[in-house]
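Descriptive structure summary
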Amino acid sequence: MSSARRRLQAVQNALMTVHKGTIPDGTNFLVLPDGKRVEMSGEPGTSDQHLLLDGEPVCLLRFSGRTAVLTLSGLGTPHEHTASHIPHYPVLEVHVVRTSDQRINLPDMWTIVYALFTKYHEQETIPIVLSAYITNGADLRSYILRSGLGRVSPSPDISQEYLFLMRATFWQGAGQAGFHERGWLPPSDFSSYALSPFPFVQSFTRTPLVIAAHPLRPPKPKQGEVLYKRYCPTVGQTLDFTYFDLGSGEGVSAHLEAFHRWHNDERVSKGWNEAGSLQKHVEYVKGVLNDPSVLPIMMSWDGELMGYAEIVWLKENHVAAYIPNGAKDWDRGMHVLVGEEKFRGSDRAQAWFRSILHYYFLADPRTERAIGEPRADNAAIVKVCLDASMHIETIFDFPYKRSAMTCVSRERFFKMDVL
Ligand SMILES: CC(C)(COP(=O)(O)OP(=O)(O)OC[C@H]1O[C@@H](n2cnc3c(N)ncnc32)[C@H](O)[C@@H]1OP(=O)(O)O)[C@@H](O)C(=O)NCCC(=O)NCCS
């Protein structure tokens, strides 16, 4: 690691708790949102790694022995060839495995990129070369460049072209919507959010707490619809966010049962102050389901319910009045609780919290900021916010509590290695 790289890493470490080793070094597998399992297996005595999808070979990855650097601001300056503060990374060759057609389809190419950024998550870029034997190599190159998954170096004197895969664009959903349906926002009516942002037209909210002009929000998802699904390597399980399902009216739905039980737990009640009867909770949930500015979601690990969150548009939320310089049209925020004791703890908290931020930024490309307002003395959640690369924008007083306003921009969130 160069000294410049070490300094950068030190800055990142100082900004947040980096849980070294929680993503196991040399992570060799992940589970895709559709349940398919990806494995990378090394070839003894070589740097070659086979990438397998549900046991079927997809490609062979080989370190070329060269390194490459993506120089941007230094181009055309005296620092162009000496800028040691920009990391040089090993160049990986992508070889096709022997199949009849020697092709790699687009969903599999995205899967390769996903596997690489899971295994080499500390790298901002991964320079790759597509083997000349891949029969659809030109299509793959075009896919990578058109989707923004990667870019080429603008340097005029590079003899061989490298495709620099970019961590920041990969996690923003590059190469998913419009190309294939393997991504973190499962295919549904609702995922059209990501395909094409809901057009802007002004709407208005007037309640006892809020008077605000803001964009009209898209229609709510179907109850029980999965909005986000991602395997979290630090936990070794798949997290999903499902739109609250209140059930058909007969009996108590699984979501409602858990919601009711959790709110009557002393720890949760201290944070939410919503303990009460089942009927009170039915009315509460109906209220948020009918509110166009709130998405009530249940969070699960490998399908087991673990917590509840409300994802809100801030412009028409009572928090907006406290945001210095005001709320922006697509700012988002949340209220959250972990209900099941066995799913508490720092590794899990970091994974679900960052995934909610990830969801905001995926769900609408116009969302530039995530803002939280936990109680200033809720040390656990404030710490989870800071660890997720948020900063404290201000401390302020609601009529009923003192809050820390936590904030992260899209740019910072995707620049850091937090997913
Ligand atoms: C707040 C909440 C979401 C945190 O999730 P969790 O899974 O319980 O998280 P944990 O408390 O296990 O740990 C989170 C981190 O905070 C730390 N922490 C916990 N309590 C702390 C305290 N009193 N002081 C300092 N740090 C604390 C933990 O040690 C951990 O840090 P680590 O990474 O160094 O280990 C959860 O406890 C909860 O649902 N509380 C009730 C509802 C609520 O308050 N919601 C937030 C308001 S919207």
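Residues numbered from 1 in each chain as written. Predicted model: local features only at pLDDT ≥ 70, side-chain atom pairs only at ≥ 80, totals over all residues. Heavy atoms only, no water.

In the vicinity of the ligand lie 18 residues, with Val336, Val338, Arg344, Ser346 and Asn378 positioned nearest. One of the side-chain nitrogen or oxygen atoms of Arg344 is found 2.5 Å away from an oxygen atom of the ligand. Out of a free accessible area of 930 Å², the ligand has 70% covered by protein chains. Elements represented by at least two residues in the shell around the ligand include exactly helix H7 (266–272), strand E15 (332–338), helix H9 (346–363) and helix H10 (379–387). In terms of residue count, H10 provides more of the shell around the ligand than any other element does, five residues in total. In terms of residue class, the shell around the ligand is made up of ten nonpolar, five polar and three charged. (Near = heavy atom within 4 Å. Polar contact = N/O pair within 3.5 Å; in protein donor to acceptor, adjacent residues only side chain to side chain. Areas by Shrake-Rupley, 256 points an atom, 1.4 Å probe, with all protein chains shown as cover. Helix = DSSP H or I, 4+ residues; strand = E, 2+ residues; numbered from the N terminus. Nonpolar A, V, L, I, M, F, W, Y, C, P; charged D, E, K, R; others polar.)

Here we come to the environment of Leu61. Positionally, Leu61 belongs in strand E4 (residues 56–68). Remark: the alpha-carbon pair of Leu61 and Val94, spanning 33 residues in sequence, is separated by 4.9 Å. Filtering out sequence-adjacent residues up to four positions away, Leu61 remains in contact with Met40, Ser47, Asp48, Gln49, Leu51, Leu92, Glu93, Val94, Ile112 and Leu116. (Contact = heavy atoms within 4.5 Å.)

The next subject is the packing of aromatic side chains. The final tally for this structure, using the stated rule, is 30 aromatic pairs. Taken together, a centroid distance of 5.7 Å and an interplanar angle of 35 degrees make the contact between Phe259 and Tyr284 tilted. Of the two residues, Phe259 sits in helix H6 (residues 254–263) while Tyr284 sits in helix H8 (residues 278–290), which places them 25 residues apart along the sequence. The class of Phe259 is buried, set by a relative accessible area of 1%. On the basis of relative accessibility, which here comes to 21%, the residue Tyr284 falls in the partly exposed class. When the ring of Phe361 is compared with that of Phe414, the centres are 5.7 Å apart and the planes differ by 65 degrees; the resulting orientation is edge-to-face. Of this pair, Phe361 sits in helix H9 while Phe414 sits in helix H11 (residues 410–415), and the two are 53 residues apart along the sequence. In terms of burial, Phe361 and Phe414 fall into one category: buried. Clustering of aromatic rings is evident, with ring pairs tying together Trp110, Tyr114, Phe117, Phe170, Trp171 and Trp184. One cation-aromatic arrangement involves Arg348 over Trp301; the distance from NZ or CZ to the ring centre is 5.2 Å. (Phe/Tyr/Trp six-rings, centres within 6.5 Å; stacked < 30°, edge-to-face > 60°. Buried < 20%, exposed > 50% of the residue type's maximum accessible area, 1.4 Å probe, protein only. Lys NZ or Arg CZ within 6 Å of the ring centre and 35° of its normal.)

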